[in-house]
Structure formats: structure tokens, C-alpha cells
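Chain by chain, the residues run as shown.
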Amino acid sequence: MPKRIDITDEIKAKIKANMGSEPNYDQIAVFEMTAVTSLPLSKRWSIYDKAQITMATFEEAAAYLNQGGFVPFHTLHNQGYEIPVGRVFYSEAQKNAKGFDELRVLAFIDTAAHADLADKMDNGIVEEVSVGMSFKQLLCSACGDDLLSDMGKVWDRTCANGHVIGMGDHHVKPNGLGVFSELSAVSKGASQGAKILGMQKRNLAASLERSDLALAASVKADPELMLFTPHANLDITNEGEDPVLIAELQAKLDAAEAEKVALTAAKDAAEAEKVTLTTAKDTAEAELATVKTELEAATTAKTEAESKLVAAQNELQGLKDAESARLSVRPFKIPLGGIQGLDATHTDVAAKSKPVVAGPSPAFKTPK
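Residues numbered from 1 in each chain as written. Predicted model: local features only at pLDDT ≥ 70, side-chain atom pairs only at ≥ 80, totals over all residues. Heavy atoms only, no water.

S.K.: Just checking my understanding: could you explain the confidence of the model for the protein for this structure?
M.R.: The predicted structure's coordinates, where accompanied by low pLDDT, should not be read in detail. Scored by pLDDT, the protein has a mean of 81; 74% of the residues are at 70 or more. Across the protein, helix α2 (residues 55–66) holds the top mean pLDDT of 95, while helix α6 (residues 347–352) sits lowest at 52. Within the model, pLDDT remains below 50 along residues 208–221, and this stretch shows 37 contacts once partners closer than five positions in the same chain are excluded. Here residues 232–244 is a poorly scored stretch, pLDDT under 50, and it has 19 contacts once near neighbours within four places are set aside; other chains count. (pLDDT = per-residue confidence, 0-100. Helix = DSSP H or I, 4+ residues; strand = E, 2+ residues; numbered from the N terminus. Contact = heavy atoms within 4.5 Å.)

S.K.: Honestly, the pairing of strand β2 (residues 71–75) in this entry has me stumped. Any pointers?
M.R.: Every other side chain in a regular strand lies on the same face of the sheet, so the side chains alternate between the two faces. For β2, the tally of buried residues reaches 5 of 5 residues, placing the bulk of the element in the interior. The pairing of β2 with strand β3 (residues 86–95) spans 3 bridges and is antiparallel. If you follow proline 72 over to β3, its bridge partner there is arginine 87. (Buried < 20%, exposed > 50% of the residue type's maximum accessible area, 1.4 Å probe, protein only. Pairing = 2+ DSSP bridges.)

S.K.: Which parts of the structure should I look at to understand the pattern of salt bridges?
M.R.: Between side chains of opposite charge, a pair can form when the charged atoms approach closely. The tally for this structure, following the rule as stated, stands at 11 salt bridges. A salt bridge links lysine 3 to glutamate 127, with the shortest nitrogen-to-oxygen separation between them at 3.2 Å. Of this pair, lysine 3 sits in the segment before α1 (9–19) while glutamate 127 sits in the loop between α3 (111–122) and β5 (128–140), and the two are 124 residues apart along the sequence. Overall, lysine 3 belongs to the buried group, its relative accessible area being 10%. Overall, glutamate 127 belongs to the partly exposed group, its relative accessible area being 31%. Ionic pairing is found between glutamate 32 and arginine 104, a salt bridge with its closest N-O pair at 2.8 Å. In this pair, glutamate 32 is assigned in strand β1 (residues 28–37) and arginine 104 in strand β4 (residues 101–110), connecting sequence segments 72 residues apart. On the basis of relative accessibility, which here comes to 8%, the residue arginine 104 falls in the buried class. (Salt bridge = Lys/Arg side-chain N within 4 Å of Asp/Glu carboxyl O.)

S.K.: Can you help me understand the environment of proline 84 in this one?
M.R.: By the secondary structure assignment, proline 84 is in the loop between β2 and β3. For proline 84, a relative accessible area of 34% translates into the label partly exposed. Expressed as a C-alpha distance, the spacing of proline 84 and serine 184, which sit 100 residues apart in the sequence, is 9.4 Å. In this structure, proline 84 is in contact with Pro72, Phe73, His74 and His114, ignoring residues within four places of it in sequence.

S.K.: Any chance you could explain unusual backbone geometry here in plain terms?
M.R.: Apart from glycine, the bulk of residues carry a negative phi angle, and the bulk of peptide bonds sit in the trans form. A positive phi angle is found at tryptophan 45, which is not glycine, with a value near 75 degrees. Looking at the secondary structure, you find tryptophan 45 in the loop between β1 and α2. Owing to a relative accessible area of 31%, tryptophan 45 belongs among the partly exposed residues under this scheme. A positive phi angle, close to 55 degrees, is found at leucine 76, a residue other than glycine. For leucine 76, a relative accessible area of 51% puts it in the exposed group.

Okay, here's the thing in C-alpha cells:
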């Protein structure tokens, strides 16, 4: 089914509002397109890889167009090398049925000079489109820091809080329209869902209410930061090595080197601990051997002492037995009660004792 839109009076009014004049309607074909969406971009080797453009940007882009802004339609982003083949003349920022944001546009193609392109778009041979635009801000997805506040952060691809764009889940969120330079027909775009729409999916042609949004501020575009959304394989401006991939590999290499150093240090510490434990084990075994030797010596000494004690006890018992035997054979034995009749006060003994002389002792007699 052809994709071109019937040129109604409402369509003509929108074209005239944007151009300030009217084209030859017999020589144009009008198409509705999704110019760009908020789904992650496929832009390897670029700061825009995995970028997600904000709804505010789409609103400002729509306001710019609907207030008469000029956005030419090209093929394959040949702006500067190709005269425009058409013009974008109306836009709306929408949230689609799948829940993501998108920028819908209406554009016409000059069929007098580019009938072949219009036919290919009509028949779905050329189906996808790509925008060329710059932005007021490039916000870090992790913390919201604006990388455009310092171009050093753009070149380093690192925000003020140390988040590296392109590593892990970190990406930029382009916010606010800088310059909406052009829209191109491409064979494969970087913005998912950016395409020329058939009748079942288009809605601008059915409802063309003029936007009340203010005109977007004019911002000079840095050529190095212009976003063009053809597929990365078609982007001839991105040549050479992939700096994000290199940064990721370098980070992995640095992490591996750090892990290697940590493992080497852990190994050295384990080896040192092993030596310490081995030394402690040898010392403990030597001490155990000494204790065993001392224990054996003490056991031997104890055994010898016990043997000597038994011998002494035996010898003592022998002496006791010998003494008992000796005493049992004596010729005279004093009875326990003494000898009867043995008394020092016997009368015979008293008779033989000298009488006690009374009076002074002659030994003290003084000579006359």
C-alpha cells in the first residue's frame, strides 16, 4: 500500500505556515515519518552510543519546526554535497503505544527531480530515516552531570563524578535542541523505529493541531558534537579503533593487573605464613621430642626409685626380723614387772649404813 499522504487543505496550510509560501503541489509527495525515538541509539565509536534522547528535546524540535524552522530533507546525510530533495514542515513530540517517546514529522519530496526516491519511499524500498541535530546538554545517565559544561569531560568521556560514558550502563542523555540541521532518507538508521510510516501507523495527517510550544533557543552547533543517526556501519566519519572498546579493554586489563598484583601478594603472604607455620611445627616437634625424652627419663628414674624403695623396705624388714630373732634367744630377760625382792630400802642395807652424826660438822671446827 502506498505511503504517501493525500495533500489536503490542512496539509497545504501546514506547508504554507512553515515555508511562508506554497510549492507546486503537483510536484511533491508528502510522507509521515518517525524522525527519531527515545530508544537507545546504535552509534558505536561515538559518545552517542546507547544514548537516549529526552522528550524535552523532541518538544523543542517540534516547536522549532512548527514556528517556521527550516529542516531540509536529504539522502544519506549528504548536506553540503547535495541540494535538498525535500523539506520537513511539521512535527509533534509523542509517546507511542509501546511507551517510548518519539518525534513525528511530516515532510515532502520534490517528485519533479526525485520521483525515483519518492517511489522507493512509497513502496517501502527506502523505509528508514535519520536526523542530524545537536543538543544543549549531554547529561550523564548515572548522575545527570552535563558533559557539555566542560569540553574536557566530552573528550575524556567522563563526567564530573567519574562515570565513564560507554562503560557498563553509562551513556549520555541528549537534552534540549541545539540545531536541527536536517533529516535524511537512509538504508539503515541508528535510531530504532525511525522510519517512513504507512497509513496504519501515521497520525499527524489525521490530526494537525498547531503546537503552542515556544520557539527553541538558537544554539551554535559544534560539528564534532552533531548527532547523525545512520547505522554505525554506514557512518564514514567514525574510522579507526573503537575508543570506548579500547577504554573497556584497558579497564579490564588494569583490573586484571591489579588482581594479579593482589594475588601475587596473597601468594607471597601465604608462602611466608607457610614457612612460619613449618618453623613453628618443627619447633613444636623438637619440643615434643625433648618432653618425651624427659618423660622417659623421669619414668625410668621413678621406676629405679620405686625399685630402691622396695629394696630398702625389704632390707628394713630383714633387719627387723633379724633383731626380733636375736632378741628371742637372750639368756636373761628382765620381767616387765621387775625382779621380786630387789629393794634399795632393805633392812640389811640400812644396818650397814653409817649413822648420821648430829651437830656441827667437825670440818668447820676452829683450832684453838
